[in-house]
Amino acid sequence: MSDDPESDSERTVIRSGRDFEQEFRLDAQEAGEFLVALGEQLRDGDELTLSTDEWELPFAFGEPVELEIDFEGVGEPELEIELELPGRTDETAPNVD
């Protein structure tokens, strides 16, 4: 996040009710740093925030977290790791009378 409060207020906040997708091409070191920071947010709480200079995406996640590992070893080997976080619900169970 930026230390400049003016730039923070100019970010688009991605909220529920909207679809959003952005792809990044990073070197391995930068991707690793991102994954470590993401892992720390997952470990330490039930909310995370992703952001760039243009947008911010706050997300309250629930359980279970789905982790998928896909290895294609034919031709040009490729390893895909996908993490899927369900949204947290604030619903409570109904009363039993």
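Here, every reference points to the structure presented above.
Residues numbered from 1 in each chain as written. Predicted model: local features only at pLDDT ≥ 70, side-chain atom pairs only at ≥ 80, totals over all residues. Heavy atoms only, no water.

Peer 1: With reference to specific residues and values, describe the sheet that holds strand E3 (residues 55-60).
Peer 2: Spatially, E1-E3-E2 is the arrangement adopted by the 3 strands of the open sheet, whose pairing is mixed. Each edge of the sheet is formed by a strand with only one pairing partner; in this case those strands are strand E1 (12-13) and strand E2 (47-51). Direction of pairing for E2 relative to E3: antiparallel, over a ladder of 5 bridges. Bridge assignment links Glu47 to a residue of E3, and that residue is Ala60. (Pairing = 2+ DSSP bridges. Helix = DSSP H or I, 4+ residues; strand = E, 2+ residues; numbered from the N terminus.)

Peer 1: Residue-level account of the pairing of strand E4 (residues 66-72), with values.
Peer 2: With 7 bridges connecting them, E4 and strand E5 (residues 78-84) associate as antiparallel partners. Its bridge partner lying in E5, Asp70 is registered against Glu80. Taken together, E4 and the strand that follows it, E5, pair antiparallel across an intervening segment of 5 residues, in which Gly75 is found at a positive phi of about 75 degrees.

Peer 1: I'd like to hear about a negative patch on the surface, residue by residue, with values.
Peer 2: Taken together, the side chains of Glu66, Glu68, Glu72, Glu76, Glu78, Glu80, Glu82 and Glu84 present a region of like negative charge at the surface. The dominant element in the negative patch, judged by the number of residues it contributes, is E5, at 4 residues. Mapping Glu66 onto the fold places it in strand E4. The class for Glu66 is partly exposed, based on a relative accessible area of 42%. (Patch = residues over 30% accessible without salt bridge, like charges linked within 9 Å, V, L, I, M, F, W, Y side chains within 5 Å. Areas by Shrake-Rupley, 256 points an atom, 1.4 Å probe, with all protein chains shown as cover. Salt bridge = Lys/Arg side-chain N within 4 Å of Asp/Glu carboxyl O. Lys, Arg positive; Asp, Glu negative; His and termini not counted. Charge placed at Lys NZ, Arg CZ, Asp CG, Glu CD. Buried < 20%, exposed > 50% of the residue type's maximum accessible area, 1.4 Å probe, protein only.)

Structural measurements only, silent on function.
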